[in-house]
Amino acid sequence: MFLIVLLCLITYFQSNINCAKFPNELTKCNYGDSECILTKVNDIFQNKHKGFHGLLLPSLDPLHIRKLNLVQGSGQRVNIELYFSEIDLIGLSNATAYKATGFDQVPLEFIDFRFMIPMLMIKGPYKVNGIISFLPLNGRGESELVLDNVHFVMKFKTKMYDKNGNAHLKLEKSKMNFNTTRLRMNFVDLFGSNEQLGLNMNTFLNENWKEILEDLKMTIVDGFGEVFSTIINHVLNNFAYKELFN
Ligand SMILES: *[C@@H]1O[C@H](CO)[C@@H](O)[C@H](O)[C@H]1NC(C)=O
Ligand SMILES: *[C@@H]1O[C@H](CO)[C@@H](O)[C@H](O)[C@H]1NC(C)=O
């Protein structure tokens, strides 16, 4: 996804009279050249994560998310509706992409895109209703979630569509997954003014993070899939596929 964003930047620079001031590394890759694509994507993560507003590429670190709803109704231990609003995702500037395949001249059926982030933080207001381990929850406040060593494995289903006579690529959510070596959570005011109960619940959540994550995983994957594909497709809609590669 970030690859596409980068390639769009390239197109933009080439049609821009100021292109001389942009570094050489912003050249197009050949179709299907995974090594080249990975280099570009990682350059975006490391050096261009502050965003390019003119290209509809938002800041990636922090990445602001207006709404993220995690509704999990059938978990064994977790049965909650968790709503985040106006949150920041922090950590993508240290991400490393290690697989990017499918961007052939005729895009393959699936784009396989994988990247790793040493530390990913989600920070902002939450609202929760539901039940965790037989305890009813109904709180709202500030929250901070930290995930260590996150691997995202994203397989987007590709779809081409026509816009003004040009073929554009669209990525549809498909098989996605992620893993982490550790999840730490802090939900402030989980039980309103009952601070002790809130502390106890946060301790419980952190001690049982593996089970909690297992129950919430598919919902989280779905939420992130939506966030990422929205950003990418917004950009893709503005550039024909053939403009992105040599
Ligand atoms: C990126 O990694 C460096 C070195 O480990 C660390 O100091 C920095 O806080 C990290 N940045 C983010 C946004 O995680
Ligand atoms: C996470 O997934 C990646 C890629 O699939 C794998 O290499 C890594 O070992 C996994 N880590 C954990 C903690 O399961």
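Model, not experiment: these values are computed from the prediction.

Quick notes on the rules
Within any chain, residue numbers begin from 1 and follow the written order of that chain's sequence. Chains and ligands are labelled sequentially in the order written, the chains with letters from A and the ligands with numbers from 1. In keeping with the predicted nature of the model, local features appear solely for residues at pLDDT of at least 70, side-chain atom pairs appear and are counted solely at 80 or more, and the whole-chain, interface and lining totals rest on all residues. Labels follow the DSSP assignment, with helices taken as runs of H or I lasting at least four residues and strands as runs of E lasting at least two, numbered in each case from the N terminus. Three classes are used. A residue is buried when 20 or more other C-beta atoms lie within 10 Å of its own, exposed when 12 or fewer do, and partly exposed in between, with C-beta atoms placed from the backbone. What counts as a contact here is a pair of residues whose C-beta atoms, placed from the backbone, lie within 7 Å. Contact assignment follows one rule, namely that a residue is near a molecule or strand if its backbone-placed C-beta atom lies within 6 Å of it. Lys, Arg, Asp and Glu make up the charged group, whereas Ala, Val, Leu, Ile, Met, Phe, Trp, Tyr, Cys and Pro make up the nonpolar group; the residues left over, Gly among them, are polar. To form a nonpolar core, buried Ala, Val, Leu, Ile, Met, Phe, Trp, Tyr and Cys residues must be joined through C-beta atoms within 7 Å. Pairing between two strands is assigned when DSSP locates at least 2 bridges connecting them.

Some points on the overall build of the protein chain
Thought 1: Helix and strand counts for the protein chain stand at four helices and seven strands.
Thought 2: Counting helices and strands in the order they occur from the N terminus, the protein chain gives α-α-β-β-β-β-β-β-β-α-α.
Thought 3: Per-residue burial over the protein chain gives 28% buried out of 246 residues.
Thought 4: Taking the intrachain contacts of the protein chain between residues at least 6 apart in sequence as the baseline, contacts between residues at least 24 apart amount to 69%.

Looking at the site of ligand 1
Thought 1: All residues in the neighbourhood of ligand 1 are listed as Asp 61, Ile 90, Gly 91, Ser 93, Asn 94 and Met 119.
Thought 2: Looking at the shell around ligand 1, its residues break down into two nonpolar, three polar and one charged.

Points about the nonpolar core
Thought 1: Within the largest apolar cluster, 48 residues are counted, with the highest numbers of intra-cluster contacts made by Ile 37, Val 41, Ile 87, Ala 97, Ala 100, Ile 232 and Val 235.
Thought 2: For this core, the leading source of residues is strand β4 (residues 110–132), giving eight residues.
Thought 3: Here Ala 97 is in contact with Leu 38, Val 41, Asn 42, Arg 114 and Phe 115, once residues within four sequence places are set aside.

Section: the pairing of strand β6 (residues 166–179)
Remember that side chains alternate between the two faces of the sheet whenever the strand is regular.
Thought 1: Here 12 bridges tie strand β5 (residues 135–163) to β6, and the two strands are oriented antiparallel to one another. When the sheet's bridge partners are listed, Asp 162 is paired in β6 with Ala 167.

Here we look at unusual backbone geometry
Thought 1: Cis geometry is found at the peptide bond from Asp 61 to Pro 62, where omega equals 0 degrees.
Thought 2: Within the secondary structure, Pro 62 sits in the loop between α2 (34–47) and β1 (63–72).
Thought 3: Of note in this structure, Asn 164 is not a glycine but carries a positive phi near 50 degrees.
Thought 4: Mapped onto the elements of the fold, Asn 164 is located in the loop between β5 and β6.

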